[in-house]
Amino acid sequence: MNSEQAIAKGRSMTLSGLPPKQGLYDPQFEHDSCGVGFVVHMKGKPSHEIVEQGLTILKNLEHRGAVGAEVNTGDGAGVLMQVPDAFLRRVCREQGISLPAPHSYGVGMVFLPADDGERAQCEKLIEGIVAEEGQTLLGWRAVPTDDRTLGETAKDVEPVVRQVFIGRGAGLADDQAFERKLYVIRQRAAHAVTGMNLTQGDRFYVLSL
């Protein structure tokens, strides 16, 4: 890079070091992460060891989330991983859910209202959207949780955690088309629940799908 190129590049940056506002980009929406860690296998081989290492990272990022008046009530943190097909196949079989071949189903981690009636409304809503989008609802699984170490503030707003399994519908060209369809289902559900004005509607959230 010569001096003229360096000067031109410098002019394209703001005083903060970020690019200036342009098109759909606005530097005011940039945010730093409190703490993020990545563990990968260079050849893409899945293993439980990677999950264990990810949990070790999570434990070492104690500063990652904000903490309220209670030291055991924070803003939450978690681990994002590949779909553990063998594990899900086993636990789903125990609950009478039959999973198709890998890449032929999606799994969603869903926070739901603690109120039985409102939770049923949310689940029925998701099931309807899945059908409208031409996909197949395979079933729901209650996720085991342990809230013994949570502060009372967190327990007061604790959601019910369930997994929803969605089978890939016919006519989708490839895996990416299925991913896009799952994204549409997730977004439609989020907007629809917001419009339902549920008492515990703020507990509904689709973490991943």
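Before reading on, note that the structure itself is shown above.
Here the structure is a predicted model, which means the values were calculated and not measured.

Caption draft 1: Quick peek at the nonpolar core. One finds Val-110, Ile-126 and Phe-204 to be the most contacted residues of the largest nonpolar core, which totals 17 residues. Put simply, the parts of the chain that give this core at least two residues each are β1 (105-112), α4 (116-132), β3 (160-167) and α6 (175-194). Considering every element that reaches this core, the biggest residue donor is α6, with 5 residues. Beyond its immediate chain neighbours, meaning those up to four positions away, Ile-126 contacts Val-110, Trp-140, Ala-189 and Phe-204. Listed in part, the 8 residues of the second largest apolar core include Leu-88, Val-91, Ile-97 and Val-107.

Caption draft 2: Quick peek at the packing of α4 against α6. Packing of α4 against α6 brings their axes to within 10 Å, and their N-to-C directions diverge by 140°. Comparing their axes, α6 and α4 come out oblique. As α4 runs across α6, the sense of the crossing is right-handed. Together, Cys-122, Leu-125, Ile-126, Ile-129, Val-130 and Glu-132 of α4 and Ile-185, Arg-188, Ala-189, Ala-192 and Val-193 of α6 make up the contact between the two elements. Each residue belonging to the contact of α4 with α6 can be placed in one class, and the counts come to 9 nonpolar, no polar and 2 charged.

Criteria and thresholds
Residues numbered from 1 in each chain as written. Predicted model: local features only at pLDDT ≥ 70, side-chain atom pairs only at ≥ 80, totals over all residues. Heavy atoms only, no water. Core = buried A, V, L, I, M, F, W, Y, C linked by side-chain atoms within 4.5 Å. Buried < 20%, exposed > 50% of the residue type's maximum accessible area, 1.4 Å probe, protein only. Helix = DSSP H or I, 4+ residues; strand = E, 2+ residues; numbered from the N terminus. Contact = heavy atoms within 4.5 Å. Axes fitted to C-alpha atoms, helices over the stretch in contact; angles between N-to-C directions. Parallel < 35°, antiparallel > 145°, perpendicular 65-115°, else oblique. Left-handed = near helix turned anticlockwise from the far one by under 90°. Nonpolar A, V, L, I, M, F, W, Y, C, P; charged D, E, K, R; others polar.

Scope: geometric values only; no functional claims are made or implied.
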